[in-house]
Amino acid sequence: MGVSTVLSQPATASRGVTTTQQLSDLEQRIVALGAEKAGVWSVSSVTYQATTVLTNTPLTTNKVLHVMHSSDRDDVCYAMTGNSVCITGDRGLSAILAQLHTFYTHRKSFSVEAKGPRYELGDFIIKPGVVSLGQNAHGLIVEVEYRPCVVALQCWSLVNQMISQVMDQPNSRRPLPAGHAETTIYTPLHTLQQYLQLFNEMRITPR
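Residues numbered from 1 in each chain as written. Predicted model: local features only at pLDDT ≥ 70, side-chain atom pairs only at ≥ 80, totals over all residues. Heavy atoms only, no water.

1. A look at the pattern of salt bridges
Then comes step 1: By the definition in use, this model includes 4 salt bridges.
Then comes step 2: A salt bridge links D72 to K127, with the shortest nitrogen-to-oxygen separation between them at 2.4 Å. Linking D72 in the loop between β3 (64-70) and β4 (76-80) with K127 in strand β8 (residues 124-133), this pair joins segments that are 55 residues apart in sequence.
Then comes step 3: The class of K127 is buried, set by a relative accessible area of 2%.
Then comes step 4: Within the structure, one salt-bridge network assembled from shared partners comprises D72, K127 and E143. (Salt bridge = Lys/Arg side-chain N within 4 Å of Asp/Glu carboxyl O. Helix = DSSP H or I, 4+ residues; strand = E, 2+ residues; numbered from the N terminus. Buried < 20%, exposed > 50% of the residue type's maximum accessible area, 1.4 Å probe, protein only.)

Here is the structure:
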């Protein structure tokens, strides 16, 4: 696990161009750089709405809980809130939450999944994919990971250079949440926090 940045790909203005076609165009651009396909990837988010006020727990002040899964760590489940509280467990955590319907209601319309092909290019992993809200494709997303480094400050210029080649756009996003120093050791949780931020933005943005 290295340092990653996750960006959404602006939707094309051309009529009749599907999300699948946009992903194909993006893949051709990645392959043209010399990348080789190496499997597939996915990240999903399931949202639960609190129906009861919980006390004396890390979730006391939060009404919404996002349960995140990543194919990179298929055995781990992350339950994340809007104020960066995170509970980590195995995949059984999802089953437990599903049984706690007295406290949390599953908001099916808020379920999001991003998935697509995985490419390797030297020390980089590039993951373009389609984001789906429910059954509807909502846009594209791209993750670029630089594997040899775990401190964002030490490799951020390299990551940005790769982003500019893959997406032909500048990267203004930071890899770490607000309040974290760029010298913080980067972890898989930081990547999922970026996904969640983009998912939440897409949830409130009309297609």
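Moving on from the coordinates now.
2. Examining the packing of aromatic side chains
Then comes step 1: Applying the stated criterion across every chain yields a total of 3 aromatic pairs.
Then comes step 2: Between the aromatic rings of W41 and Y195, the centroid separation amounts to 6.0 Å while the plane-to-plane angle is 45°, which identifies the pairing as tilted. Pair noted here: W41 is in strand β2 (residues 36-50) and Y195 is in helix α4 (residues 188-203), with a separation of 154 residues, a long-range link.
Then comes step 3: Residue class for Y195 comes out buried when judged on its relative accessible area of 1%.
Then comes step 4: Their ring planes at 55° and their centres at 6.0 Å tell us that Y195 and F199 sit as a pair that is tilted. Of this pair, Y195 and F199 both sit in helix α4, separated by 4 residues, roughly a single helical turn. A single burial state applies to Y195 and to F199, both of which are buried. (Phe/Tyr/Trp six-rings, centres within 6.5 Å; stacked < 30°, edge-to-face > 60°.)

3. A few points about helix α1 (residues 19-32)
Then comes step 1: Its 14 residues give α1 an end-to-end C-alpha distance of 20 Å, which sits within 8% of 20 Å, the value for a rise of 1.5 Å per residue.
Then comes step 2: For α1, the set of buried residues is T19, Q22, L23, L26, E27 and I30. The arc that holds the buried residues of α1, viewed along the axis, is 140°, so those residues lie on one side. Along α1, the residues that are exposed and aim more than 90 degrees away from the buried face are Q28 and A32.
Then comes step 3: Each element contacted by the buried residues of α1 is listed here: β7 (112-121), β8, β9 (136-146) and α3 (152-167).
Then comes step 4: Positive backbone phi, at 105°, marks G34, one or two positions downstream of α1. (Expected span 1.5 Å × (residues − 1). Arc of directions from axis to C-beta. Contact = heavy atoms within 4.5 Å.)

4. Notes on the state of the cysteines
Then comes step 1: On inspection of all chains with the given rule, the structure shows 0 disulfides.
Then comes step 2: Unpaired in this structure, C86 has its nearest cysteine sulfur neighbour in C77, at a distance of 8.9 Å. (Disulfide = S-S within 2.5 Å.)

5. Some details on the confidence of the model for the protein
Then comes step 1: Here the protein shows a mean pLDDT of 82. Residues at 70 or above account for 79%.
Then comes step 2: In the model of the protein, helix α2 (residues 92-99) stands out as the element of lowest mean pLDDT, 71, in contrast to β7, which has the highest, 96. (pLDDT = per-residue confidence, 0-100.)

6. Focus on the environment of V150
Then comes step 1: Position of V150 among the secondary structure elements: in the loop between β9 and α3.
Then comes step 2: The class of V150 is partly exposed, set by a relative accessible area of 35%.
Then comes step 3: Once the C-alpha coordinates of V150 and T187 are considered, the two residues, 37 residues apart in sequence, prove to be 7.7 Å apart.
Then comes step 4: Apart from the residues lying within four places of it in its own chain, the contact partners of V150 are M1, V3, T184, I185 and Y186.

7. Looking at the pairing of strand β1 (residues 3-9)
Then comes step 1: Most of β1 is tucked away: 5 of the 7 residues are buried.
Then comes step 2: By the bridge criterion, 7 bridges tie β1 to β9 in an arrangement that is antiparallel. If you follow S4 over to β9, its bridge partner there is E145. (Pairing = 2+ DSSP bridges.)

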